[in-house]
Amino acid sequence: MDERNTAVNDDDAPWLGISLADVEAKPTTPPTRQARTDGIGTIPDGALTVFGGEPGGGKSWHALHEAHMTARRARAVIYVDGEGNAPSMKRRLLQLGVTPQELEWIVYEAPAKPITEGEGRDNFECMVSGVEPDLVIFDGLTALMALHGLEIDSNSAAATFLELLVRPLARQGITTIVIGHVAKNIDRRGRWLLGAGHWIGAADVGFTLEAPRAWGRGQNGHAVLRVAKHDRDGWLASHAALGDPVVETAFTSGPDGSLELTLHPPGWAAIQGELEGREALARVMEEYSLALEDAGSEGITKGELRDRTLTGVSRLVKSAALDALVGRGDVSVEDGAKRARVHRSVRPFRASAEGATPSVRQCGTSVDHPTQEVSGSVDPTKGVVHVPHTDSPRSDEEYGTTSRPDNS
């Protein structure tokens, strides 16, 4: 074999090929970034991750949360912002509880000129080599592409942007997050970003975010993180199908303006009764369960199920009820014809006879649960409760109250 074919590809010798026998194939490990309270991570190390969602959906807050967790581990972060400014960014980080010591690990850049102009490329490469980031975040994709004269709807423009700013980081094994918007029209939105479809193929993993309840100062809220693209090693697919929730994030707002993000497994919002009343939620869950039991093995799609059941209930509550049934293991979901998601009953769900919701003990407090009486135990090392489901095909779920480590 020619000596050139045993070499590693590099920019100085393109299209020569390499021998895979000389390539080190490292074993894959479960994702650890953006971890839920049950320990399940959702972002693989070294991956290009794309967040899409409407304004106010929590995209930037999730990225800042991950930046905080990275800085807490004494690892560097570069935040490239196409829409904000440094004082605003520092204020948001302080809201999340980032300490002065942790701020030292976060480098901020709000570019006013494209990287191709003047010494932009050299400066960017110098910043990356000097900081040695563990995480790089590009926030405001539309604005950043416009800065470089690139159309958001163009596949070739997306490829150009990736090669200018993102691919060089991926080649160094740096975890990268890109944040963009989705189409305003829900029916035309699909599962991806506003703009070119090239992002589907380019990303290693992707999520869309929605905020059923927006947070405000002194007002708690929550967001739902849905899978838009699975990682290639199949870790995410074992926890959520495409389009299904993989994380439900609680936004806890303090009276002093502080904000805490807690990443829970799917179904948390239903268990907490965050969505328009616990009794209504339990009633919809029972109605769905009855309809699916009647359908038998044929199952029902989400749209059909929503249309044939209760009227006078918002789609938000209906969606939350179905997510809760799937998350509990009461309902299964499989791909059907024409990419339809077919739901089938696994086991019956019934609300309590009195119409009230049973209670689950969680970290010393009583939390309404629209299912059944269960007993729980607190793990003092994690601050979470283990809720056993003896008749469930899933393993025990852990629902914690916080994923934010102690600053003390």
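Calculation notes
Residues numbered from 1 in each chain as written. Predicted model: local features only at pLDDT ≥ 70, side-chain atom pairs only at ≥ 80, totals over all residues. Heavy atoms only, no water. Pairing = 2+ DSSP bridges. Helix = DSSP H or I, 4+ residues; strand = E, 2+ residues; numbered from the N terminus. Axes fitted to C-alpha atoms, helices over the stretch in contact; angles between N-to-C directions. Contact = heavy atoms within 4.5 Å. Buried < 20%, exposed > 50% of the residue type's maximum accessible area, 1.4 Å probe, protein only. Lys, Arg positive; Asp, Glu negative; His and termini not counted. Salt bridge = Lys/Arg side-chain N within 4 Å of Asp/Glu carboxyl O. Polar contact = N/O pair within 3.5 Å; in protein donor to acceptor, adjacent residues only side chain to side chain. Core = buried A, V, L, I, M, F, W, Y, C linked by side-chain atoms within 4.5 Å. Expected span 1.5 Å × (residues − 1). Arc of directions from axis to C-beta. Phe/Tyr/Trp six-rings, centres within 6.5 Å; stacked < 30°, edge-to-face > 60°. Lys NZ or Arg CZ within 6 Å of the ring centre and 35° of its normal.

Peer 1: Let's hear about the sheet that holds strand β7 (residues 221-229): which residues, and what values?
Peer 2: Read from one edge of the open sheet, 9 strands run β3-β2-β4-β5-β1-β6-β7-β8-β9, paired in mixed fashion. Edge positions in the open sheet fall to β3 (106-109) and β9 (259-264), since each of these has one partner strand only. Averaged over all pairs of adjacent strands, the angle between strand axes in this sheet comes to 20°, irrespective of strand direction. Two strands pair when backbone bridges link them, and strand β2 (residues 77-81) and β3 are joined in this way by 4 bridges, in the parallel orientation. Opposite Val77, over in β3, you have Ile106 as the bridge partner. Where helix α2 (residues 86-95) meets the sheet, it contacts β2, β3 and β9, and its direction lies at approximately 145° from that of β3. The strands that helix α4 (residues 120-131) touches are β2, β3 and β4 (135-139); relative to β2, the one it contacts most, it runs at about 155°.

Peer 1: Please provide a residue-by-residue account of the side chain of Asp81, values included.
Peer 2: Within the secondary structure layout, Asp81 lies in strand β2. Among buried Asp, Glu, Lys and Arg side chains, Asp81 stands out as unpaired, with Arg92 the closest opposite charge at 6.1 Å. Only 2.8 Å separates the side chain of Asp81 from the side chain of Tyr108, close enough to count as a polar contact. Beyond its immediate stretch of four places on either side in the chain, Asp81 contacts Met89, Tyr108, Glu109, Ala110, Pro111, Asp139 and Leu144.

Peer 1: Hey, could you go over the environment of Asp38 for me, with residue numbers and the actual values?
Peer 2: Note that Asp38 resides in the segment before β1 (48-53). Put simply, Asp38 and Leu263 are 225 residues apart on the chain and 9.0 Å apart in space, counted from C-alpha to C-alpha. Polar side-chain contacts of Asp38 include one of 2.7 Å to the side chain of Arg36. Here the side chain of Asp38 touches Ile40 through a polar contact of 3.2 Å, landing on its backbone nitrogen.

Peer 1: Could you give me a rundown of the nonpolar core, with the residues and numbers involved?
Peer 2: Counting residues in hydrophobic clusters, the biggest one holds 33 residues, and the most contacted among them are Phe51, Ile137, Phe207 and Val246. Grouped together as the second largest cluster of nonpolar side chains are 28 residues, Leu48, Val136, Leu165 and Val166 included.

Peer 1: Requested: an account of α4, with residues and values cited.
Peer 2: Relative to the 16 Å expected for 12 residues at 1.5 Å per residue, α4 spans 16 Å between its end C-alpha atoms, a close match to the ideal helical length. Within the span of α4, buried status applies to Gly120, Phe124, Met127 and Val128. Viewed along the axis of α4, the buried residues span an arc of 95°, placing them on a single side of the element. Turned more than 90 degrees away from the buried face of α4, the exposed residues are Asp122, Cys126 and Gly130. Elements that come into contact with the buried residues of α4 comprise β2, β3, β4 and α6 (155-170). Positioned one or two residues after α4, Glu132 has a phi angle of 55°, which is positive.

Peer 1: I'd like a rundown of the environment of Gly254, residues and numbers included.
Peer 2: Relative to the helices and strands, Gly254 is located in the loop between β8 (245-253) and β9. Gly254 sits 37 residues away from Arg217 along the chain, and the two C-alpha atoms are 7.3 Å apart.

Peer 1: So what's going on with the sheet that holds strand β12 (residues 341-345)? Which residues, and what values?
Peer 2: Strand order in the open sheet formed by 3 strands is β10-β12-β11, and the pairing between neighbours is antiparallel. The two strands at the open ends of the sheet, each matched to only one other strand, are β10 (300-301) and β11 (331-335). Bridge count for β10 against β12 is 2 bridges, and the pairing is antiparallel. Along β12, the bridge assignment pairs Ile300 with His343.

Peer 1: Run through the packing of aromatic side chains, naming residues and quoting values.
Peer 2: For the structure shown, the criterion picks out 4 aromatic pairs. Taking the centre distance of 6.4 Å and the plane angle of 20° together, the rings of Tyr79 and Tyr108 count as stacked. Of this pair, Tyr79 sits in strand β2 while Tyr108 sits in strand β3, placing them 29 residues apart in sequence. Ring centres 6.4 Å apart and planes at 75° place the aromatic pair Phe138 and Phe161 in the edge-to-face group. Separated by 23 residues along the polypeptide, Phe138 in strand β4 and Phe161 in helix α6 bring together distant segments of the chain. The residues Phe138 and Phe161 share a single accessibility class, namely buried. Directly above the ring of Trp61 sits Arg92, whose terminal nitrogen or CZ lies 4.5 Å from the centroid.

Peer 1: Run through unusual backbone geometry, naming residues and quoting values.
Peer 2: A positive phi angle is found at Gln34, which is not glycine, with a value near 50°. Of note, Gln34 is situated in the segment before β1. Notably, Glu132 is not glycine yet its phi reads approximately 55°, a positive angle. Look at Glu132 and you get exposed, because its relative accessible area is 64%.

Peer 1: I'd like a rundown of the pattern of salt bridges, residues and numbers included.
Peer 2: Opposite charge on two side chains permits pairing when their charged atoms draw close. Taken as a whole, this structure holds 17 salt bridges when the rule is applied. In this structure, Glu210 and Arg226 form a salt bridge, with 3.3 Å as the shortest nitrogen-oxygen distance. With a gap of 16 residues between them, Glu210 in strand β6 (residues 205-213) and Arg226 in strand β7 connect regions that are remote in the sequence. Between Arg226 and Asp323 there is a salt bridge, with its nearest N and O atoms 3.3 Å apart. Here Asp323 lies in helix α12 (residues 315-328) and Arg226 lies in strand β7, a separation of 97 residues in the sequence. Here the salt bridges do not stand alone but share partners, grouping Arg33, Asp45, Glu66, Arg73, Arg75 and Asp134 into one network.

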